Amino acid sequence: MQALGARSLRILLGLGVCLPALATPAWAQDPASEGGNDEIIVTGSRIPTIRDQGPSPVTTIDSDTIRANGYTSVPELLAAMTQNSGETQSPQSGSSADFTPGAQQVDLRGLGPNHTLVLVNGRRIADFPLPYIGRSNFTDISNIPVSLIDKVEILSGAGSAIYGSDAIAGVVNFKMKEKLDGITLDYRHGRTQHGGGMSHRFTATGGWSSGRFNIVGGIEYLDQRPLWAYDRSIQDSTDDNPVSTIARRTFLRYSIENDSYIDPGADTCARLSHLNRGSTIYTSRPRYGDYDPVIDDYGPGYYCGSKSSIAYGTIVSGRKGFNSFGSMSYELSDNAKLFTDFQFGISKVRLMYDVTSWAFENSSSSSDNSFYNAFDGTIDDWSRQFAPEETGGFEMQRIKQTTYSITPGVRGNFGNAWNYELSFNYSRYQSVVRWPQIINQKAQDFFLGPQLGIDEDSGYPIYNRDPDVYFYRALTPAEYDSISADTVYRPYSWTNNLQATLTNGELFQLPAGPVGFAMVAEYGKQGYNLRPDPLALTDYYYSWKDSDGRGKRSHAAIGGELRVPVLDFVTLSAAGRYDRFGFGGRNVGKFTYNGGLEVRPTSSMLFRAAYGTAFRAPDLHYVFTGPGNVQSSVDDYYLCGIEEPEEEVGDCSYSGSGIVVNRTGNRDLKAETGKTLTAGFVFSPSSRLHFSVDYFRVSLDNQVDDLSIDQIARDEAACRPDADGNIELDPNSPTCQDAIARVTRFTSGGLAGQISSIRVNPINIAREKTSGIDVAFRGTLPTGIGDFTLSLAHSHVFKHSFQQYPGDPIENKLAFDSGFYLPRDKSNGSITWASDGLQFTFSGTRLGKLPNYDEDAFIKASYLFNATLQYDFTDHMRGSLTIRNLFDTNPVKDPTWSGYPYYNTSWFDSIGRSVFLQLTYKLGGSAL
C-alpha cells in the first residue's frame, strides 16, 4: 500500500477521472504509457481505486486536450462542455457590468451558478465579492489561469455527501499542475481577423528539489487588449437592428401634456453634429410627434440622436493580470510530509457597457421625471447622453481584482493502509471597482438652475431654463467633470476551512475484494462585505441607489464513505454527511446521503447508478443584503380593472408601467434541498474504444427567489374594489395586508394613482426539476499514416420545469415563451490525427435551438468550429497554431432581436475568427 500513500494527495482532492468526450483517458493511451497497473484513479469519491469508472459520471479535460481544442480561457473551455447548459452573463451583459464587472460563471444543468460547486485543487475558493444579478453568491472562473491547469474534472451527478452539501447541480474541480520536472516556458500570441482584442500570454512552470524539500509552481502573465463593439459591423450602429433602425436619443425633450417629443429644430442638432465622433444628427421617431388631424394619427417626433453611440462598449474586456500557483513540501519521514499549497493573482480589468446619461428625476430611479419649465410654460422632461468629446474619451469601468489562498497541512500514512491529511485553507477575493456616475444634484443645478417652488396646477417642481442655452449644448470636459465622479466599491469575500480526512482502500477483505473507507471532518467560516461607496446608498448619484450587504457564517461537517464489493462484478458505495451552518443568530443543519451501484457483467461493460440528496444554506447576500432600488416594470392590474375594464391587461394603458423595486434581504430564509439521480452504462471492449450513456435527474425544492412583483400587483388589485365595487379577496387577510403594504402609488403629479414602487425580498418559494441524458463516445484507429481519434459528447434535456409558487402552473423552461433561454441540446466533438510529433485537431460545438427575442418561436441551432495544428520540433520544443471560429461564423440571426447588440450575449459573441500562435520550450527534465 505504499503506492497509495505516495498518491494520497491525488486521492484527497476528492474528484477523479472518468472517460470524457474530449479528454485523453487511460483506455485510449498506449499501454506502455499508462504508468503501470497500480495507477490510482478517483471517480467522484475519496476512496482510492484502480478502476477508471465509478457510480457517477465524471468528465475530465486534461491540459493536452485544452491546447488541442484551442481553448484560450477557462470560460471558453467550460462553455464547450455539454453539461454547462445555463445562460450566464457575458462581458457584454449590462447586468454583468452593473453587478459583477469582470467576472464570469459556470452553470451546470441550467440551475444557476450558485448551485454549481467550484473547487481548485479540491478546495473551495472565495466567492466573487459582488452578487450575481445583485442577488446570489457565485464563484468567478475568469481569474483561473488556463495555462496552469493540469486537468479539469466535472462531476455532473450526485456528490453532495462527498464534496459538500451544496453540490446540487454538480462539481467542477480545477487541478493545477503539480508534477513538474525541469522548467517549461510558454508564450502565446493571439489576434482577431477583423481587428481588436490582441493578446499576449507568458507562462513559466517548474520545480526544484533538495533532499526532503520539494517545490513546484507556475506563473502566468496575461495582456488581453479590449475589443470594441464599433469594430464589428453587425453591431456598430442602430442600422444593424433587425426591427427598428431609429437612432438613439442623444438629446430629447418630451412633453407629458401632449405625450410627444418637442422638436429641437435642424439647426439646433447641427450645432451638436460633431459629438459622438461626428454621428449626431437631426432625426425622428414615428408617431411620437404632435397629433395630425389630416392623417388622424401622431406625426414623427424629432430629436437629436446618434446611430453610432450604441456601439461605445466592449465585446471583450481588457485584462492585464499575473497569476501564480505552487506547492511546497518537506518529508518529515517516509510516512509523513508537511506541505503548503498557495495561490496569488492580481488582475486589472477595463470594460465599458455604455455611455453615461442624465435626465431630471426627483429621487433615485423615480419613474415620474417631469418638471414645470416656466421659460415656456411646458411640463417638460429633459434627458441626454454624454458623448466621448464631452467626457474626455471613453469612460471605462476599472476593476482591480486580487485573489490569494494558502493551505498548510500535513499528510501521510500509517499502519498498512491508512492515509490521512490535516489541512487549513484560507482564501480571499477582493476588488476595487471604479466607474463613472453623474451626481444628480450637481447635474440638476448645472442644467436647470435653482428650483423655484411647486406648480399648483400640476404638482411638479418649477424651473426656468432656456433649453437652447442650457440643454442643447456640448459640454467641455471640465464642465462634465464638475457634474460627474467615480463611484468606488471595495468589496471582499473570504473563506477558511480546517479539514481532516482519513482513507483506507483496504479496510478489510471480503471474498469479492477489499472494502474501501473514507471519512472527513471540517470546520470553517466564510463572509463577505460589499463595502459600497457610501454615497451610492443615497440619492447622490443619478438613477442609482444601491444596497449594502455584509455578513458571515460558520460551517461544520462530518461525513463518511464506504465502497463494498459484494460480488466479483457488483460494488456498492454509500456516503453520508451532516452539515451545520450558523448565521444571522440561528443555525440550520441537515444530513445528506449518496448511494451508488456498479455492476460489471464483463470486463468491458459497466452498469452504474447513483442517488443523492443535497442541502444548501441560503446565499449570504440573499440573507444580509440591505435595502436598495432596481428599475423594473409591471402591469397595473388595479388601474386597468377600474379605468379600462373592457381591455385585456396586455392592451391596457397601464400595462408595463415603469416602477422602482425596493429590495432587501431576508434573515429568515430556510435551506434549499435537492435530489439527484444518475443511471447509465459504459461499454469499452478495448483500450481504444469507449461508449457511455447516462441519464440524469435533478430536483430542487425550497429554492430561494425574490417575491414576484407581478403576483404582488395581482394580489393588490384583488384586495381592492374593482369597477363594480366588488372585492375578490378579504382586505383583512394576511395576503391582502402584505400586498397592499408592499405597493406604493403616486399621490400627486401627472402619474397620481399609478404604482410608484413595490417592495420585495427573497423567500423560499420555487421548485425546479430537470432531467436528460448524456452520451459520450471515443475511439482511436491506428493506421499506417498515424492514429485517428474521434471524440463525441451530447447532452439532451427531456424536461426542465419551474414553479414559482406552490399551486402555480408548472412552467416549461425549454418553451419559447417561458422567459428563459436554455438549449434542449448541446454537443461537442473532435477528430484528431497524430503521427511522429505532428498533430492536427478539428473540433466543434453545437448549441441547440433557443427562443427568439419575441418568444414566439425558436432560432436555429448554431455551430462553432476550431482547428489546431501542433508540431514537436524536438522532444523539448513544441509549436502550435490555433484558429478559433474557423469559418468566421456570426451569431445566429434573429429577426426579432431588437435589444442591442441584436443577439443573445449569454450564448453568442461577434469576435469572429481568431488566430493564436503558441511556442513551448522545456529546459531539462523529461520530454514534453
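Everything below is about the structure shown above.
Residues numbered from 1 in each chain as written. Predicted model: local features only at pLDDT ≥ 70, side-chain atom pairs only at ≥ 80, totals over all residues. Heavy atoms only, no water.

### Thoughts on the overall build of the protein
Along its length, the protein carries 16 helices and 47 strands. Expected size for 928 residues packed as a compact globule is a radius of gyration near 30 Å; at 30 Å, the protein falls within 12% of this value. Dimensions of the protein, computed from the C-alpha atoms along their principal axes, are close to 95 × 65 × 50 Å. For the protein, the proportion of its 928 residues judged to be buried stands at 56%. Pairs at least 24 apart in sequence give 73% of the contacts found in the protein among residues at least 6 apart. Surface accessibility of the protein: about 37,200 Å² in total, with carbon and sulfur atoms responsible for 53%. The average position of the 82 basic charges and that of the 104 acidic charges among the side chains of the protein differ by 10 Å. (Helix = DSSP H or I, 4+ residues; strand = E, 2+ residues; numbered from the N terminus. Rg over C-alpha atoms; globule rule 2.2 N^0.38 Å. Buried < 20%, exposed > 50% of the residue type's maximum accessible area, 1.4 Å probe, protein only. Contact = heavy atoms within 4.5 Å. Areas by Shrake-Rupley, 256 points an atom, 1.4 Å probe, with all protein chains shown as cover. Lys, Arg positive; Asp, Glu negative; His and termini not counted. Charge placed at Lys NZ, Arg CZ, Asp CG, Glu CD.)

### Overview of the packing of helix 15 (residues 709–718) against helix 16 (residues 734–742)
Taken N-terminus to C-terminus, the directions of helix 15 and helix 16 make an angle of 115°; their axes are 8 Å apart at the nearest point. On the basis of their axis angle, the class for helix 15 and helix 16 is roughly perpendicular. Seen from above, helix 15 lies across helix 16 with left-handed handedness. Residues Ile 712, Asp 715 and Glu 716 of helix 15 touch helix 16, and the partners they reach there are Thr 735, Ala 739, Ile 740 and Arg 742. Here the residues of the contact of helix 15 with helix 16 sort into three nonpolar, one polar and three charged. (Axes fitted to C-alpha atoms, helices over the stretch in contact; angles between N-to-C directions. Parallel < 35°, antiparallel > 145°, perpendicular 65-115°, else oblique. Left-handed = near helix turned anticlockwise from the far one by under 90°. Nonpolar A, V, L, I, M, F, W, Y, C, P; charged D, E, K, R; others polar.)

### A word on the pairing of strand 1 (residues 58–62)
Most of strand 1 sits inside the fold, with five of its five residues counted as buried. With five bridges joining them, strand 1 and strand 4 (residues 149–155) adopt antiparallel strand pairing. In the strand pairing of strand 4, Val 58 is matched with Leu 155. (Pairing = 2+ DSSP bridges.)

### Quick notes on the environment of Gln 385
Among the secondary structure elements, Gln 385 is positioned in strand 21 (residues 378–385). Excluding residues that lie within four positions of it along the chain, Gln 385 makes contacts with Arg 248, Arg 249, Thr 250, Ser 309, Val 355, Thr 356, Ser 357 and Glu 390.

### Let's talk about the sheet that holds strand 2 (residues 116–120)
The five strands are arranged 1-4-5-2-3 in an open sheet whose pairing can be described as mixed. Of all strands in the sheet, those bounded by a partner on one side alone are strand 1 and strand 3 (123–124). Strand direction decides the pairing type here: strand 2 and strand 5 (residues 170–176), joined by five bridges, are parallel. Paired with Val 120 across the two strands is Phe 174, which belongs to strand 5.

### Describing the pattern of salt bridges
A complete count under the given rule lists 37 salt bridges for this structure. Between Arg 109 and Asp 774 there is a salt bridge; the shortest N-O distance is 2.6 Å. Pair noted here: Arg 109 is in the loop between helix 5 (94–99) and strand 2 and Asp 774 is in strand 38 (residues 762–783), with a separation of 665 residues, a long-range link. Residue classification places Arg 109 among the buried residues on the basis of a relative accessible area of 4%. Counted as one network, the salt bridges with shared partners bring together Arg 123, Asp 341, Arg 411 and Glu 421. (Salt bridge = Lys/Arg side-chain N within 4 Å of Asp/Glu carboxyl O.)

### Comments concerning the sheet that holds strand 32 (residues 628–634)
Pairing is mixed across the open sheet formed by four strands, whose spatial order is 32-33-37-36. A single partner strand is all that each edge strand has here, and the edge strands are strand 32 and strand 36 (743–745). Adjacent strand axes in the sheet meet at a mean angle of 25°, parallel and antiparallel pairs treated alike. Bridge count for strand 32 against strand 33 (residues 657–663) is seven bridges, and the pairing is antiparallel.

### A few points about the state of the cysteines
By the definition in use, this model includes three disulfides. Disulfide pairing places Cys 269 opposite Cys 304 at an S-S distance of 2.0 Å. Disulfide Cys 269-Cys 304: torsion about the S-S bond near -90°, hence left-handed. You can see Cys 269 sitting in helix 7 (residues 266–271) and its partner Cys 304 sitting in strand 15 (residues 301–306), a full 35 residues away along the chain. The residue that forms a disulfide with Cys 719 is Cys 736, at a sulfur-sulfur distance of 1.9 Å. Residues Cys 719 and Cys 736 are joined through a disulfide that is left-handed, its torsion about the S-S bond being -85°. Placement of the pair is Cys 719 in the loop between helix 15 and helix 16 and Cys 736 in helix 16, with a sequence separation of 17 residues. Neither Cys 719 nor Cys 736 differs from the other in exposure class; each is buried. Ordinal numbering of bonded cysteines along the protein defines a disulfide pattern of 1-2, 3-4, 5-6. (Disulfide = S-S within 2.5 Å.)

### Remarks on unusual backbone geometry
Here the amide bond leading from Tyr 900 into Pro 901 is cis, since omega sits at 5°, within 30 degrees of zero. Among the structural elements, Pro 901 can be located in the loop between strand 46 (877–884) and strand 47 (914–923). In this structure, Asp 259 takes a positive phi of about 55° despite not being glycine. On the secondary structure map, Asp 259 appears in the loop between strand 10 (248–255) and strand 11 (260–261). The class of Asp 259 is partly exposed, set by a relative accessible area of 46%.

### So, the pairing of strand 2
With five of its five residues buried, strand 2 lies for the most part within the structure. Side-chain alternation along strand 2 places Thr 116, Val 118 and Val 120 on one buried face and Leu 117 and Leu 119 on a second face that is also buried. Note that strand 2 and strand 3 share two bridges and pair antiparallel. Bridge pairing links Leu 119 to Arg 124 in strand 3.

### Topic: a negative patch on the surface
The grouping of Glu 646, Glu 647, Glu 648 and Asp 651 at the surface amounts to a negative patch. Tracing the backbone shows Glu 646 in the loop between helix 14 (637–643) and strand 33. Using a relative accessible area of 76% as the deciding quantity, one classes Glu 646 as exposed. (Patch = residues over 30% accessible without salt bridge, like charges linked within 9 Å, V, L, I, M, F, W, Y side chains within 5 Å.)

### Notes on the environment of Gly 750
Relative to the helices and strands, Gly 750 is located in the loop between strand 36 and strand 37 (755–760). Given a relative accessible area of 47%, Gly 750 falls into the partly exposed group. For the pair Gly 750 and Ser 458, spaced 292 residues apart in sequence, the C-alpha to C-alpha distance is 6.8 Å. For Gly 750, the residues in contact, after removing those within four places along its chain, are Asp 368, Ser 458 and Tyr 460.

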